[in-house]
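# Report on the structure
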Amino acid sequence: MRWLLLFILLGFCALTTLYNLSVPLGEGPDEPGHLRYALFLAREGRLPVQRAYPEISDVPGEGHQPPLVYLFMVPGVAWLPDDVSIAQTANPQFRWAGGDQPGAFMRGSWELERAQGLAFAWHLARGVSAAWALIAVLATYLAARTLYDPQMMDEGRKTKDGRSTRRSGMFVPVFAAALVAFNPQFLFSSALVTNDTALAAFGAILLWLCLRAVAQRDSRRQLGAFVLIGVLFGLALLTKQSALLIGPLLLWAGWRAAYGCWRLVLMHTLAWSLPALLVAGWWFIRNWQLYGDLFGLAIFSAEFAGQPFRWYELAAWIAALRQLFESFWGRFGWMSLSMPPWINWIYALLCGVALIELVLRRQRADAGRPSTDDRRQTADGGRRINIQPVRKQHRPWEGLVLLSGMALLWTVAFAFTAGLVAWQGRMLFPAISALAIGLAVGLTRLGSLRWVVGGLTVGVFALALYVPLGVIRPAYPWVALAPAQAQTALGTPTYARFAEPWEQGVELRGWRLDGPAIVGTDLPLTLTWHSLAYIPKNWTIFLHLVAADGSLVAMRNSDPQNGTLPMPLWTPGDWIADPHVLALPPDLPPGRYELRIGLYRAETDGRRSAVWNSAGALIGDYVALGAVEVEQ
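To start, this report covers the structure provided alongside it. In this text the structure is predicted, and so the values were computed from the model without any measurement. (Residues numbered from 1 in each chain as written. Predicted model: local features only at pLDDT ≥ 70, side-chain atom pairs only at ≥ 80, totals over all residues. Heavy atoms only, no water.)

### Examining the overall build of the protein
Heads up, the condition is: Helix and strand definitions here come from DSSP, where helices need a minimum of 4 consecutive H or I residues and strands a minimum of 2 consecutive E residues; each element is numbered from the N-terminal end. For the exposure calls, accessible area comes from a 1.4 Å probe over protein chains only, and a residue counts as buried if that area is under 20% of its type's maximum, exposed if over 50%, partly exposed in between. A contact between two residues is defined here by any heavy atoms of the two lying within 4.5 Å. Computed with a 1.4 Å probe, the accessible areas rest on the Shrake-Rupley method; for each residue, only the protein chains presented here act as cover.
When you go through the protein residue by residue, the secondary structure sums to 20 helices and 14 strands. In the protein, buried positions account for 52% of the 632 residues. Looking at the protein alone, contacts between residues at least 24 apart form 74% of all its contacts between residues at least 6 apart. Within the structure as shown, the protein displays about 28,000 Å² of accessible surface, and the carbon and sulfur contribution to it stands at 62%.

What follows is the structure, encoded as structure tokens:
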């Protein structure tokens, strides 16, 4: 089992790195906002204030979030110069903007510079999410091991097919860890700048510690365990406010660990609630002072408005629950990229089989359970002794069901507040360890344990490996070039900056002929552009072939990339390869001609852009690229 666990951990590290490199920057729920939060902390040294209007909020959309996760990201972004900002161009073909593409943003050249600048810092911040996700995988394993400790289960009881429960339990921890580590949606979240994986880690850790506290028979150690649980719960509340859904699990653990003694229940509750209040109470006091309520819900609702959920329609519930299920396993981007249906059916089959096995297991357990009188009868002269059935009284499965149910209930409640956007599988991640353990228990009941666990682990790993290669990467086209790639494909280097006097504009950095210049044919050529700033206006490119006497012999007017990539869609820093075709007349005499290029705006009567050289001097409204030899 240790070798299988090592494979799971190494496999997770490899996969989360692959997802990190495969998911374009910003293509995840609220990821740019999360990174802006970390940048704000690094530069301002204070917590952001959320306001009703995004334009005056310190961190629009995410300023209401607790700060813990972002503090861990600060070292990875603090080294960036203060003038570095997140510059992304909205994609007009984005699916939720009326198009048919999953990408919310145009892919910029700066994203391809992964070893430097903002892109490098962004990937470092994503690494923090991956580290939290790895902790969640380990904590899931530990929670399942605790659950299947002999003190926590009916040791030695046989199942219907003759296998001992203890032997079955040997395989549950590693497989539960695999179901978390190789969940494509969880891997996708681990590759984003987010606080979801940190909350999943705290949920898994608290589940593990609660199960340990319930199994602990030393009251002093129990008390110390609940103090630690309270500290970690406070940290979870400083991670994301939905950590509140974990609270009932702590109440349950305190009650179960007390064996029905209300004095101990009160002690346990105080042991975890007071440390949690000391750790996180200041955050809720701050919310009250700033926004007038403990959770800042009013200011959040004022800024955020989603499509309402039609709770009174059965079809709406079916669609919502289907979306919740699919996005728990894999719905990427801004909930805009789905997995192929056959993958969803595989996960549905696994969940269905596990659920059936769990139900049958419960029925077999109820059928084989002795009555209360039988359990309390002893051989001491037939005298009844009130023996506490400790292993049965713990009922650790209640903790799994409670945590999973609270996550679902929180999602439903959020849907009534925020609308359809709430039906996202990541909302269940605080309980992902409990859900994975339940699935593992059901699936390890099938066939030969070793083969089932090994085969299913390899299977879910293969699915998780396929997703970034077969689903995510092909879905996001890259139109901009990496700077190094653009430099090697310049052809003939040149320099001309097209801009108004008060603008930075765009540079022409090179041009090349992609075929021979033959009379009566099309002359293919490629221009290489470098955008210096956002270009608010659409410019049309003109290409003129001019004879020695200055007469125009051929011309071409077109927008960049044949009209598919107008300049307002370029991101600052982009390197763009721009192919054109110049038709050469059939009666054009062979010889040497000059190729000229410029920009103009058709909507302003053809007004041309000014052209500047590398020294910043105005050279006119076009630039001569060089001579072209036209052959017969």
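So that's the structure; there's more coming.
### A short note on the pattern of salt bridges
Heads up, the rule is: We count a salt bridge whenever a side-chain nitrogen from Lys or Arg sits within 4 Å of a carboxyl oxygen from Asp or Glu.
By the definition in use, this model includes 15 salt bridges. In this structure, Arg 509 engages Glu 507 in a salt bridge whose closest nitrogen and oxygen atoms are separated by 3.1 Å. Taking relative accessible area as the criterion, Glu 507 reaches 7% and is therefore assigned buried. Between Asp 514 and Arg 512 there is a salt bridge, with the nearest N and O atoms lying 2.9 Å from each other. Residue classification places Asp 514 among the partly exposed positions, given a relative accessible area of 39%. Residue class for Arg 512 comes out partly exposed when judged on its relative accessible area of 29%. Overlapping salt bridges, with partners in common, bring together Glu 27, Arg 107 and Glu 111 in one network.

### Description of the packing of aromatic side chains
Cut-off, in case you're wondering: Ring geometry is summarised as follows: Phe, Tyr and Trp rings, the Trp one being its six-membered ring, pair when their centres sit within 6.5 Å, and such pairs are stacked at plane angles under 30 degrees, edge-to-face over 60 and tilted between the two. Our definition puts a charge over a ring when NZ of Lys or CZ of Arg is within 6 Å of the ring centre and also within 35 degrees of the ring normal.
For the coordinates displayed, the defined rule picks out 29 aromatic pairs. Ring plane angle 75° and centroid distance 6.5 Å describe the contact between Phe 94 and Trp 96, whose orientation is recorded as edge-to-face. Note on Phe 94: relative accessible area 11%, which makes it buried. Following the ring pairs from residue to residue traces out a cluster consisting of Phe 309, Trp 311, Tyr 312, Trp 317, Phe 416 and Trp 423. When the ring centre of Trp 478 is taken as origin, the NZ or CZ atom of Arg 107, which lies over that ring, is 5.7 Å away. Above the face of the Trp 255 ring, Arg 256 is positioned so that its terminal group lies 4.7 Å from the ring centre.

### A look at the sheet that holds strand E12 (residues 611-612)
Applicable threshold: Strands pair, by our definition, only if DSSP identifies at least two bridges between them.
Strand order in the open sheet formed by seven strands is E3-E9-E6-E5-E4-E12-E13, with antiparallel pairing between adjacent strands. Both edges of this open sheet fall to strand E3 (480-481) and strand E13 (618-620), since each of them pairs with a single strand only. When E12 meets E13, the two strands line up antiparallel, connected through two bridges. Paired with Trp 612 across the bridge in E13 is Leu 618.

### Let's talk about unusual backbone geometry
At Asp 30, a residue that is not glycine, the phi angle is positive and equals roughly 65°. Residue classification places Asp 30 among the partly exposed positions, given a relative accessible area of 30%. Of note in the backbone geometry, Asn 562 takes a positive phi value of approximately 55° without being a glycine. Note on placement: Asn 562 falls in the loop between strand E8 (552-558) and strand E9 (575-583).

### Quick notes on helix H13 (residues 314-329)
Short version of the rule: Each helix should span, by expectation, one fewer than its residue count multiplied by 1.5 Å.
In this model, H13 (16 residues) spans 23 Å end to end at C-alpha, consistent with the 22 Å of a helix rising 1.5 Å per residue. For H13, the complete set of buried residues consists of Ala 316, Ala 320, Leu 324, Glu 326, Ser 327, Phe 328 and Trp 329.

### Concerning helix H18 (residues 432-443)
The end-to-end C-alpha distance of H18 is 16 Å, a good match for the 16 Å that 12 residues give at a rise of 1.5 Å each. The buried fraction of H18 amounts to 11 of the 12 residues, a majority that puts the element mostly inside the structure. Those residues of H18 that sit buried are Ile 432, Ser 433, Ala 434, Ala 436, Ile 437, Gly 438, Leu 439, Ala 440, Val 441, Gly 442 and Leu 443.

### Regarding the packing of helix H8 (residues 196-215) against H18
Condition: Note on geometry: axes are C-alpha line fits, over the in-contact stretch for helices, and angles between N-to-C directions span 0 to 180 degrees. For classification, angles of less than 35 degrees are called roughly parallel, those exceeding 145 degrees roughly antiparallel, those between 65 and 115 degrees roughly perpendicular, and all remaining angles oblique. Residues are sorted three ways: Asp, Glu, Lys and Arg are charged, Ala, Val, Leu, Ile, Met, Phe, Trp, Tyr, Cys and Pro are nonpolar, and all the rest, Gly among them, are polar.
Two elements in contact, H8 and H18, have axes separated by 8 Å at closest approach and are oriented at 60°. Taken together, the axes of H8 and H18 lie oblique to each other. Where H8 approaches H18, its residues Ala 200, Gly 203, Ala 204 and Leu 207 are matched on the opposing element by Ile 432, Ser 433, Ala 434 and Ile 437. Along the lines of polarity and charge, the residues of the contact of H8 with H18 split into six nonpolar, two polar and no charged.

### Notes on the side chain of Thr 239
When you line up the elements, Thr 239 lands in the loop between helix H9 (219-237) and helix H10 (247-257). We classify Thr 239 as buried; its relative accessible area is 0%. Ignoring sequence-local partners within four residues, the contact set of Thr 239 consists of Pro 66, Leu 68, Val 69, Asn 195, Ala 198, Leu 199 and Phe 202.

### Comments concerning the side chain of Thr 140
Heads up, the condition is: Polar contacts, as used here, are pairs of N or O atoms within 3.5 Å; protein pairs need one atom able to donate a hydrogen and one able to accept it. Residues neighboring in sequence count only if both atoms are side-chain atoms.
With respect to the element layout, Thr 140 can be found in helix H4 (residues 117-147). Classification of Thr 140 by relative accessible area gives buried; the value is 0%. Among the polar contacts made by the side chain of Thr 140, one reaches the main-chain carbonyl oxygen of Ala 136 at a distance of 2.7 Å. Residue contacts for Thr 140: discarding those within four places in its chain leaves Ala 176, Ala 177, Val 180, Ala 204, Ser 433, Ala 436 and Ile 437.

### Some remarks on the pairing of E8
Note that strand E7 (residues 540-546) and E8 share six bridges and pair antiparallel. Bridge pairing in E8 links His 544 to Met 555. In this antiparallel pair of consecutive strands, E7 and E8, the connection spans five residues, and Gly 550 shows a positive phi of 90°.

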